[in-house]
Amino acid sequence: MAQRTRADALSRERIVEAAVALLDADGERGLTFRTLTERLATGPGAIYWHVPNKGELLAAATASVIGDALTVTVTGSPWEEIRAVALGLFEAIDRHPWLSTQLAVQLSRSPWGTVTPRIFESIGRRVSALGVPESTWFTATSALAHYIFGAAGQNAANAQVLRSGDTDRAEFLRAAVDAWEGLDPGEFPFLKSIAGQVREHDDREQFLTGIDLILTGITAQGRS
């Protein structure tokens, strides 16, 4: 009974919180049961009592962060709520760079787990409230989810590269714009024409504009 009392005092919630902190600091490589026991000042047995392996620990950390991200406080039209859900997920992936990879794992390997159903329910419930045909709900919700994960994941990857180097975002964008403006106009007319837009763009505004474009297409399809 003494062992169970110690394990219960530790709690699964505390373990998951510590795992998220370790993942934020050093990514998946920084999360081991050894580092976790050191952070929690406990023995491995107490942790294994609640979480039997690293895979389940990563899934629990992912579910915890996503659960917080899906707590939408903005109420309004379904369109506005979808934007709020999307931005919440975007910012969660931005704060937790490891999350993008773990979401891909959850979506591909465990669509019946705790993460995928919550994401699709949160977005899909609002898609259905847009008044579009039920036959389009799955495709529309999938399009939004894939865009969110792709755009947010790329943004997080970009930020991680910048954090690991000596270049800030403004310098990085200036270098990209200068390179694009120097391209052969006969071979790359499009890139040269948009180079100036890249220099000052805001990542979140660009992301939300993409959400609006998808929603415009979804609702237009519903009217056709």
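Residues numbered from 1 in each chain as written. Predicted model: local features only at pLDDT ≥ 70, side-chain atom pairs only at ≥ 80, totals over all residues. Heavy atoms only, no water.

### Remarks on unusual backbone geometry
Moving on, step 1. Its identity as a non-glycine residue notwithstanding, Ser11 has a phi of 75 degrees, on the positive side.
Moving on, step 2. Considering the arrangement of structural elements, one finds Ser11 in the loop between α1 (2-10) and α2 (12-26).
Moving on, step 3. Relative accessible area serves as the criterion here: at 21%, Ser11 is assigned to the partly exposed category. (Helix = DSSP H or I, 4+ residues; strand = E, 2+ residues; numbered from the N terminus. Buried < 20%, exposed > 50% of the residue type's maximum accessible area, 1.4 Å probe, protein only.)

### Description of the pattern of salt bridges
Moving on, step 1. Taken as a whole, this structure holds eight salt bridges when the rule is applied.
Moving on, step 2. Here Glu91 makes a salt bridge to Arg204, at a shortest N to O gap of 3.4 Å. Pair noted here: Glu91 is in helix α6 (residues 78-95) and Arg204 is in helix α12 (residues 203-223), with a separation of 113 residues, a long-range link.
Moving on, step 3. With a shortest N-O distance of 3.2 Å, Arg204 and Asp94 are connected by a salt bridge. (Salt bridge = Lys/Arg side-chain N within 4 Å of Asp/Glu carboxyl O.)

### A word on the side chain of Glu81
Moving on, step 1. Looking at where Glu81 falls in the secondary structure, it is placed in helix α6.
Moving on, step 2. Owing to a relative accessible area of 17%, Glu81 belongs among the buried residues under this scheme.
Moving on, step 3. Within the local environment of Glu81, its side chain forms a polar contact with the backbone nitrogen of Gly76, the two atoms lying 3.4 Å apart. (Polar contact = N/O pair within 3.5 Å; in protein donor to acceptor, adjacent residues only side chain to side chain.)

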